[in-house]
Amino acid sequence: MDNEQSPTATWQAKHRELYERATRHPFILSIRDGTVDFSSFKRWLGQDYIFVGEFVPFVFSVLLKSWKESEIKSDIEIIFGGAAALSDELSWFKNEASKWGVDLCGITPFTANTEYCRFLQSFTTLDINYTVAATAFWAIETVYQESFSFCIEGDHKTPTELLGTCQRWGNSDFGQYCKSLQQIADRCIKKATADVVREAEEVFVSVLKHEIEFWNMSSSE
């Protein structure tokens, strides 16, 4: 039996401290233990709406790279599933913003958000290959899934008002989707050159750092 650890799992273990800072950030912990400041949540809501607007072209660029470079056609179906869900996600943000009194038209992106969006934009260029882009896509989605699933596990004290948010990204179906993205990334990494593997790992680390800064931004004035 092959017990060899996958490339992405190896990176998760290698960068465990950074990974836990991204998926067990104090902002997330405050949601889980019920001490979250709702003004911080509203700040996250507005800033993440801006981020998702930039995430849309990023995901479609990954889809295009998959169509051009992947030998496995099921990759396109999996990635397209994520792309198709973004319309509903934007609608969800608008509905939540209305409930919480957040004026999305008046939101200005904070520095951490601007830098993360600029990072996303860098993947739309032709010189970024599919392996690297797929790794970034998996990492971004997985951080959210592991963060918000933690808020609805065990003896959580997540406020009732935030359960819908946590279930949106913390549900088992989304968790399975993230595993599918991980399988795509692992397969590509195993076939990639050493330089591409190195670049993919650097992108994984960059995603974690950007996620930490995004949480920091959300929980700070």
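Per-chain numbering applies: the sequence of each chain, read as written, is numbered from 1 onward. Only residues with pLDDT of 70 or above have their local features reported here, since the model is predicted, and side-chain atom pairs are shown and tallied only from 80 upward, although totals for entire chains, interfaces and linings are computed over all residues. Side-chain measures were taken over the full set of non-hydrogen atoms in the model, leaving aside hydrogen atoms and water.

### Side note on the pattern of salt bridges
Inference 1: What makes a salt bridge here is a side-chain nitrogen of Lys or Arg within 4 Å of a carboxyl oxygen of Asp or Glu, nothing more. Taken as a whole and judged by the stated rule, the model has six salt bridges.
Inference 2: The shortest N-O distance in the salt bridge between Arg168 and Asp88 comes to 3.0 Å. Of the two residues, Arg168 sits in helix α9 (residues 163–170) while Asp88 sits in helix α6 (residues 86–100), which places them 80 residues apart along the sequence.
Inference 3: In this scheme, a residue with accessible area under 20% of its type's maximum is buried, one over 50% is exposed, and one in between is partly exposed, where area comes from a 1.4 Å probe on protein chains only. In this structure Arg168 comes out as partly exposed when scored by relative accessible area, which is 22%. Per the convention used, a helix needs a DSSP run of H or I reaching at least four residues, while a strand needs a run of E reaching at least two, with both numbered from the N terminus.

### Looking at helix α8 (residues 130–150)
Inference 1: To estimate the expected span of a helix, count its residues, drop one, and scale the result by 1.5 Å. For α8, built from 21 residues, the straight-helix expectation of 30 Å at 1.5 Å per residue is met to within 8% by its first-to-last C-alpha distance of 30 Å.
Inference 2: Burial analysis of α8 places 20 of its 21 residues in the buried class, which makes it a mostly covered element.
Inference 3: By the criterion applied in these results, polar contacts are pairs of N or O atoms within 3.5 Å in which, for protein atoms, one can donate a hydrogen and the other can accept it, and in which residues neighboring in sequence qualify only through two side-chain atoms. The N-cap of α8, judged by a side-chain oxygen 3.1 Å from the amide nitrogen of Thr131 a few residues on, is Asn129.

### Structural notes on the UniProt feature "domain: Thiaminase-2/PQQC" (unreviewed entry) in the protein chain
Inference 1: UniProt positions are given in the numbering used here, feature names are shortened, and annotations may be inferred rather than shown by experiment. This chain's UniProt record puts "domain: Thiaminase-2/PQQC" (unreviewed entry) on residues 13–219.
Inference 2: Along residues 13–219, the helical share is 78% and the strand share 0%, with 27 Å between the first and last C-alpha atoms.

### Side note on empty space enclosed by the protein
Inference 1: Space inside and on the surface of the protein is sampled on a 1 Å grid over the protein atoms alone, with a cavity defined as a set of points where a 1.4 Å probe fits but cannot get out and a pocket as an open set with protein on both sides within 12 Å along at least 5 of 7 lines; lining residues have an atom within 4 Å of a point. Grid points are joined across faces, edges and corners, and a volume is the space filled by probe spheres set on the points. Scanning the model with the defined rule gives one cavity of 30 Å³ or more in all.
Inference 2: Here the largest cavity is characterised by a volume of approximately 110 Å³.
Inference 3: Together, Asp48, Phe51, Val52, Phe55, Glu89, Tyr116, Ile140, Glu141, Tyr144, Trp169, Glu211 and Phe214 line the largest cavity.
Inference 4: Counting residues per element, the ones that place at least two in the lining of the largest cavity are α4 (38–69), α8 and α11 (194–219).
Inference 5: It is α4 that contributes the most residues to the lining of the largest cavity, four residues altogether.

### Quick word on the packing of aromatic side chains
Where two aromatic rings form a pair, the distance of their centres and the angle of their planes describe that pair.
Inference 1: Any Phe, Tyr or Trp ring, taking Trp's six-membered ring, that has another such ring centre within 6.5 Å forms a pair; planes under 30 degrees apart are called stacked, those over 60 apart edge-to-face, and the others tilted. Counted by the stated rule, this structure contains 32 aromatic pairs.
Inference 2: Between Tyr116 and Phe119 the ring centres are 6.2 Å apart and the planes differ by 45°, which places this aromatic pair in the tilted class. With Tyr116 and Phe119 both in helix α7 (residues 111–121) and three residues apart, the pair spans about one turn of that helix.
Inference 3: When its relative accessible area of 1% is taken as the criterion, Tyr116 is described as buried.
Inference 4: Relative to Tyr177, the ring of Phe174 lies with its centre 6.2 Å away and its plane at 25°, an arrangement referred to as stacked. Note that Phe174 and Tyr177 are positioned in helix α10 (residues 172–191) at a spacing of three residues, about one turn of the helix.
Inference 5: Judged by relative accessible area, which is 16%, Tyr177 ranks as buried.

### Observations concerning helix α1 (residues 7–14)
Inference 1: For α1, every residue scored as buried is listed here: Pro7, Thr8, Ala9, Trp11 and Gln12.
Inference 2: Residue contacts are counted whenever heavy atoms from the two residues lie within 4.5 Å of one another. Here the buried face of α1 lies against α2 (16–23), α8, α10 and α11.

### What to know about the layout of surface pockets
Inference 1: Considered as a void within the structure, the largest pocket measures approximately 250 Å³ in volume.
Inference 2: If you trace the largest pocket, you find 14 residues lining it, with Ala85, Glu89, Glu141, Arg168 and Phe174 closest to the centre.
Inference 3: At the level of secondary structure, the elements contributing two or more residues to the lining of the largest pocket comprise α5 (74–84), α6, α9 and α10.
Inference 4: Counted as a void, the second largest pocket has a volume near 220 Å³.
Inference 5: As for the second largest pocket, its lining consists of Glu69, Ser70, Glu71, Ile72, Asn129, Tyr130, Thr131, Arg187, Cys188, Lys191, Ala192 and Val196.
Inference 6: Among the elements that line the lining of the second largest pocket, the one with the most residues is α10, at three residues.

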